[in-house]
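Listed here are the chains, written in short residue letters.
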Amino acid sequence: MGTQLNAQQISWLNAGIDHFNAARFWYAHEDWEDLWKSLKGIAPQSEVDGVQGIIQIAAMLYNHER
């Protein structure tokens with residue numbers, strides 16, 4: 001990521017990674033959604049879109065499991 005993240009954004013990113021790696025896809029989705037919302041308007045659109053993409057992947061995996 002090219003944008004300098006603040007401590008809260010880093011926390012959301014890392015929590016999402018931990019949840020995703022533990023197959024807790026809903027929680028990963030929630031953490032990354034907070035990150036995504038915080039980046040809108042301050043980060044390049046490509047980075048915002050990238051975070052949105054991982055949110056969609058987590059949501060798809062969550063729905064697949066259900």
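Here, the structure is the one placed above.
For clarity, every value in this text was computed on a predicted model and none was experimentally measured. Numbering of residues starts from 1 in every chain and runs along the sequence as written. Totals for whole chains, interfaces and linings use every residue, but because this is a predicted model, local features are given only for residues with pLDDT of at least 70 and side-chain atom pairs only at 80 or more, for both listing and counting. Water and hydrogen atoms were dropped before computing side-chain values, which therefore reflect all heavy atoms in the structure.

A.B. asks: Please explain the packing of helix H1 (residues 7-21) against helix H2 (residues 25-39) as it appears in this structure.
C.D. replies: Packed helices, taken two at a time, are described by their axes: the angle between them and the distance between them. Where H1 meets H2, the closest approach of the two axes is 8 Å, and the angle between their N-to-C directions is 155°. When the interaxial angle is binned, H1 and H2 end up roughly antiparallel. The chirality of how H1 crosses H2 is left-handed. For the pair H1 and H2, the contacting residues are Gln 9, Trp 12, Leu 13, Ala 15, Gly 16, Ile 17, His 19 and Phe 20 in the first and Phe 25, Tyr 27, Ala 28, Asp 31, Trp 32, Asp 34, Leu 35, Ser 38 and Leu 39 in the second. The class makeup of the residues in the contact of H1 with H2 is 11 nonpolar, four polar and two charged. Axes here mean lines fitted to C-alpha atoms, for a helix over just the part in contact, with angles spanning 0 to 180 degrees between N-to-C directions. Each helix is a run of H or I in the DSSP string that is no shorter than four residues. Each strand is a run of E no shorter than two, and both are numbered from the N terminus. Orientation categories follow fixed angle ranges, with anything under 35 degrees roughly parallel, anything over 145 roughly antiparallel, 65 to 115 roughly perpendicular, and all other angles oblique. The crossing is said to be left-handed when, going from far helix to near helix, the turn is anticlockwise and less than a right angle, and right-handed when the turn is clockwise. By definition in these notes, contact holds between two residues if any of their heavy atoms fall within 4.5 Å. The residue classification treats Ala, Val, Leu, Ile, Met, Phe, Trp, Tyr, Cys and Pro as nonpolar and Asp, Glu, Lys and Arg as charged. All others, Gly included, are polar.

A.B. asks: What is the right way to look at the nonpolar core in this model?
C.D. replies: In summary, soluble globular proteins display a tendency toward joint burial of nonpolar side chains. Buried Ala, Val, Leu, Ile, Met, Phe, Trp, Tyr and Cys residues form a nonpolar core when they are joined through side-chain atoms within 4.5 Å. Exposure is judged per residue with a 1.4 Å probe applied to protein chains only, and the accessible area is read against the type maximum: over 50% gives exposed, under 20% gives buried, and values in between give partly exposed. Leu 5, Ala 28, Trp 32, Leu 35, Trp 36, Leu 39, Ala 43, Val 48, Val 51, Ile 55 and Ala 58 form the largest nonpolar core, which has 11 residues in total. Contributing elements (two or more residues each) for this core: H2 and helix H3 (45-65). Considering each element in turn, this core owes the most residues, five residues, to H2. Residues within four places of Val 48 in sequence aside, it is in contact with Trp 36, Leu 39, Lys 40 and Ala 43.

A.B. asks: How should I be thinking about H1 in this particular structure?
C.D. replies: Here H1 is 15 residues long and its end C-alpha atoms lie 21 Å apart, about the 21 Å a rise of 1.5 Å per residue gives. Of all the positions in H1, only Gln 9, Gly 16 and His 19 are classed as buried. For H1, the angular spread of buried residues about the axis comes to 95°, placing them on one side. Exposed positions of H1 whose direction lies more than 90 degrees from the buried face are Ala 7 and Asn 21. Contacts from the buried residues of H1 go to H2. By the criterion applied in these results, polar contacts are pairs of N or O atoms within 3.5 Å in which, for protein atoms, one can donate a hydrogen and the other can accept it, and in which residues neighboring in sequence qualify only through two side-chain atoms. One side-chain oxygen of the residue at the start of H1 lies 3.0 Å from the amide nitrogen of Gln 8, identifying that residue as Asn 6. Given a helix with a known number of residues, its expected span is that number minus one, times 1.5 Å. Relevant arc is that of directions from the helix axis to the C-beta atoms, nothing else.

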